[in-house]
Amino acid sequence: TITCVLPTNVTALTIEKDGVKITWNPISSVNGYVIYRRNLNDNSWVKITTADADADSFIDTTVASGGEYVYAVCPYVSTSESVKAESAPIYYIKAPTGTVAENVTEGIKITWEPSNGAYYYEILRATDNGEYVKIADVNADDELVFIDADVEWTQNYSYAVKAVSIRGESLV
């Protein structure tokens, strides 16, 4: 059994492309850290990994899109453990995958795979490696397709789709 000796504060929870990044202040003279996670509405903690003593962050790639989680990071020395220090909750929504843009008679057709927990999707467009600009919203209950009819055939375009819910949004 690994036991935490001193709770450590989770200093940041950030959404990454493939998961949630947990960051904490490292503590000297520990053997490592145990990272726990629980669903916001569940008091059952699950050990998701251990990290080396010099670690100060971990990316949890096992989260489900649409889930809301709380994390605890417990430093340990040998086999002694202390109380878990909880993080604030974070809502994770995975970016849509399988985005495809194709030329059609009406313009450029964009399709994508759904993200669990999305209420709607933002369609973003960039020209010539410029900044992405939102050009449309598509309701998650509608067909996941958008046709960009406002295009110039001599212009190069890049598209991205962002999943949005009432609790947060995905990265692109």
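Before reading further, recall that the structure is shown in the block above.
K.L.:
Which parts of the structure should I look at to understand the pattern of salt bridges?
P.N.:
This structure, assessed with the given rule, holds 5 salt bridges. The closest approach of N and O atoms between Arg37 and Asp60, which form a salt bridge, is 2.6 Å. Taken together, the positions of Arg37 in strand E3 (residues 32-39) and Asp60 in strand E5 (residues 57-60) put the pair 23 residues apart, joining distant regions of the chain. Judged by relative accessible area, which is 1%, Asp60 ranks as buried. Across the pair Asp148 and Arg125 runs a salt bridge, and its minimum N-O distance is 2.7 Å. With Asp148 in strand E12 (residues 145-148) and Arg125 in strand E10 (residues 120-127), this pair connects stretches of sequence that are 23 residues apart. Each member of the pair, Asp148 together with Arg125, is buried.

K.L.:
Explain the sheet that holds E12 to me, please; I cannot follow it from the model alone.
P.N.:
Strands in a sheet are paired, the pairing made by backbone hydrogen bonds, and the direction either parallel or antiparallel. Taken in spatial order, the 3 strands of this open sheet run E8-E9-E12, and their pairing is antiparallel. Each having just a single partner strand, strand E8 (100-104) and E12 make up the two edges of the open sheet. On average, adjacent strands in this sheet sit at an angle of 25 degrees to one another, irrespective of strand direction. Relative to strand E9 (residues 107-111), E8 runs antiparallel, the two being bridged by 5 bridges. Its bridge partner being in E9, Glu102 is matched across the sheet by Lys109.

K.L.:
Looking at this structure, how should I read the nonpolar core?
P.N.:
Most often, soluble globular proteins have nonpolar side chains that are buried together. Counting residues in each nonpolar core, the largest one holds 17 residues, and the members touching the most others are Ile110, Trp112, Tyr121, Ile123 and Phe146. Among the secondary structure elements, those contributing two or more residues to this core are E9, E10, strand E11 (133-139) and strand E13 (157-165). The greatest single-element share of this core, amounting to 4 residues, is contributed by E13. With residues up to four places along the chain from it excluded, the contact list for Ile123 reads Trp112, Val133, Lys134, Ile135, Ala136, Val138, Phe146, Ala160 and Val161. Among the nonpolar cores identified, the runner-up in size contains 15 residues, and Val20, Ala51, Val63 and Val73 belong to it.

K.L.:
Which parts of the structure should I look at to understand the environment of Gly19?
P.N.:
With respect to the element layout, Gly19 can be found in strand E2 (residues 19-24). Along the backbone, Gly19 and Ala95 are 76 residues apart, and their C-alpha atoms lie at a distance of 9.9 Å.

K.L.:
Looking at this structure, how should I read the packing of aromatic side chains?
P.N.:
Working definition: an aromatic ring pair is given by the centre-to-centre distance plus the angle between the planes. In this structure the tally under the stated criterion is 3 aromatic pairs. For the pair Tyr157 and Tyr159, a centre-to-centre distance of 6.3 Å together with 35 degrees between the ring planes defines the contact as tilted. This pair shows no difference in class: Tyr157 is buried, exactly as Tyr159 is.

K.L.:
Which parts of the structure should I look at to understand the sheet that holds strand E14 (residues 168-169)?
P.N.:
Read across the open sheet, the 4 strands follow the order E11-E10-E13-E14; overall the sheet is antiparallel. One side of each edge strand has no neighbouring strand; the edge strands of this open sheet are E11 and E14. Bridge analysis of E10 against E11 gives 6 bridges, and the strand direction is antiparallel. In the strand pairing of E11, Tyr120 is matched with Asn139.

K.L.:
Would you take a moment to explain the side chain of Ser65 for this structure?
P.N.:
Relative to the helices and strands, Ser65 is located in the loop between E5 and strand E6 (67-76). Here Lys94 takes part through its backbone nitrogen, which lies 2.9 Å from a polar atom of the side chain of Ser65. Only 2.7 Å separates the side chain of Ser65 from the backbone oxygen of Asn116, close enough to count as a polar contact. Not counting chain neighbours up to four residues away, the residues in contact with Ser65 comprise Tyr92, Ile93, Lys94, Ser115 and Asn116.

The rules behind the values
- Residues numbered from 1 in each chain as written.
- Predicted model: local features only at pLDDT ≥ 70, side-chain atom pairs only at ≥ 80, totals over all residues.
- Heavy atoms only, no water.
- Salt bridge = Lys/Arg side-chain N within 4 Å of Asp/Glu carboxyl O.
- Helix = DSSP H or I, 4+ residues; strand = E, 2+ residues; numbered from the N terminus.
- Buried < 20%, exposed > 50% of the residue type's maximum accessible area, 1.4 Å probe, protein only.
- Pairing = 2+ DSSP bridges.
- Axes fitted to C-alpha atoms, helices over the stretch in contact; angles between N-to-C directions.
- Core = buried A, V, L, I, M, F, W, Y, C linked by side-chain atoms within 4.5 Å.
- Contact = heavy atoms within 4.5 Å.
- Phe/Tyr/Trp six-rings, centres within 6.5 Å; stacked < 30°, edge-to-face > 60°.
- Polar contact = N/O pair within 3.5 Å; in protein donor to acceptor, adjacent residues only side chain to side chain.

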